[in-house]
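Descriptive analysis of the structure
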Amino acid sequence: MHKHTSLVQFTAEDNDPYRASSVPIYQTATFRLDHLDSNQEYDYTRSGNPTRSAVEKQVAVLENGRFGFGFTSGMAAINALSGIIKANEHIIVADDLYGGTHRLLHKRLITHRNIEVSVVDINNHDQFLQAFKPNTRMVLLETPSNPLHKIVDIAQIAEITAAKNVLLAIDNTFLSPWLQQPLNLGADIVIHSATKFLSGTGDVSGGFLVVNNAKLADEIKFIQNAEGSALAPFDAWLILRGIKTLGLRVERQQANALAVLEYLKTVPVIDRLFYPTLSHNYNPTLTQASGSGSLISFTTNNQFLSEQIINNLSLFNITVSFGSVHSSISMPARMSHASIDKHLRHIPEDLLRLSIGIEDSNDLIADLATAISQATIRGL
Ligand SMILES: *Cc1c(COP(=O)(O)O)cnc(C)c1O
């Protein structure tokens, strides 16, 4: 089956007595046991729920992985993953990570759980190799990174981590499994914030981990149950519904983004444009992703002008998130990445990040053109 077909043809189980064509929402906390010693698949929703199992299986299929785990948010997924790291063990992380991940690392894992963290430029080979220690357990990175679109060669890094017996975790939120499948390239763990592309409508929070290794899966399953951070049945169902249109959405959003990008290239007040194909380390022969996605960042070299552009847009929602069918804009230094201390933040203060939706690209470009011209007048 081709990708678009398998998205809609997916069925988790075919044992529904009423042959429901949409996975039902098992909105229940408990499942009645047949008898005291019953060894049923489901007994308590924190431990397992059929609606959650369905979406976990679907996300695992999308990532070409064996085991999927759903959590209440992307951060809950990353926190659960951190549960496999013990005190005094060490992890290496990329220097351009989502702000919430940075906060979890620096204000919880280092300070409260005694986990060692080294922040490195993964593409700086010497710096990366020197960061490994005898107690290193995991490397965590995003590619393309958010919002600066730095690209890391996943297969090359996976070769290094495998040789050192260190786990490689890739946060694949930015491109979604539609455009990139890190497990195929040698990663051990894939992370998702389902709040973004997987659900696609900005109406639900969720997160996932996908792995191939059964022992690692058992560990994550234990943490999910022990800590009680699993995705709720209704949210699981919303994400299942969203995933049916993942391919249509991602491709339409990407096509719109390319149109918007062409327009932005012609705008004189734009200083730097960030998109994977424009990245300084973009390599067209690196075929790890089948597309570049629908996020575009740019600077104006003038914070006031950037603020005016945001405030003069009417079709773009000002929201922290991305990946929705509705276009949005954010100022990462003041929003999603504000939790990173200023001296550690690599993001320009005037940077704007667009998340392009499924609207007509002509309307989006017209809205941007109006906002930029109004902002330029006010900025003078
Ligand atoms: C949003 C995001 C997260 C966190 O996910 P939540 O669902 O907001 O908790 C993690 N990583 C990346 C790359 C994200 O964009």
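The paragraphs below set out a description of the structure included in this document. (Residues numbered from 1 in each chain as written. Predicted model: local features only at pLDDT ≥ 70, side-chain atom pairs only at ≥ 80, totals over all residues. Heavy atoms only, no water.)

**Here we look at the packing of aromatic side chains**
Throughout the structure, instances matching the rule amount to five aromatic pairs. With 6.1 Å between their ring centres and 55° between their planes, F174 and F322 make a pair best called tilted. Placement of the pair is F174 in the loop between β5 (167–171) and α7 (176–179) and F322 in the loop between β10 (317–318) and β11 (328–330), with a sequence separation of 148 residues. When its relative accessible area of 4% is taken as the criterion, F174 is described as buried. For F322, a relative accessible area of 4% puts it in the buried group. Every member of this aromatic cluster is reached through a ring pair, and the members are F174, F197 and F322. Across from the ring centre of F132, 4.9 Å away, lies the NZ or CZ of K164, which sits over that ring. Positioned over the ring face of Y98 is K196, at 5.0 Å from the centre of the ring. (Phe/Tyr/Trp six-rings, centres within 6.5 Å; stacked < 30°, edge-to-face > 60°. Helix = DSSP H or I, 4+ residues; strand = E, 2+ residues; numbered from the N terminus. Buried < 20%, exposed > 50% of the residue type's maximum accessible area, 1.4 Å probe, protein only. Lys NZ or Arg CZ within 6 Å of the ring centre and 35° of its normal.)

**Brief notes about the site of the ligand**
Every residue near the ligand is listed here: S73, G74, M75, Y98, E142, D171, T173, S193, T195, K196, G206 and F322. G74 is positioned with one of its backbone polar atoms (N or O) 2.9 Å from an oxygen atom of the ligand. Taken together, the residues of the shell around the ligand sort by class into three nonpolar, six polar and three charged. (Near = heavy atom within 4 Å. Polar contact = N/O pair within 3.5 Å; in protein donor to acceptor, adjacent residues only side chain to side chain. Nonpolar A, V, L, I, M, F, W, Y, C, P; charged D, E, K, R; others polar.)

**Observations regarding the nonpolar core**
By size, the foremost hydrophobic cluster in this structure holds 47 residues, and its most contacted members are I122, F128, V139, L141, L168, I189 and L209. Top contributing element to this core by residue count: helix α3 (residues 74–82), with five residues. Those residues within four positions of L141 in sequence are excluded, and the remaining contacts are A94, L97, I122, V152, I157, L168, A169, I170 and D171. Core analysis: the next-biggest nonpolar cluster, separate from the first, contains 31 residues, L7, L62, A236 and V250 among them. (Core = buried A, V, L, I, M, F, W, Y, C linked by side-chain atoms within 4.5 Å. Contact = heavy atoms within 4.5 Å.)

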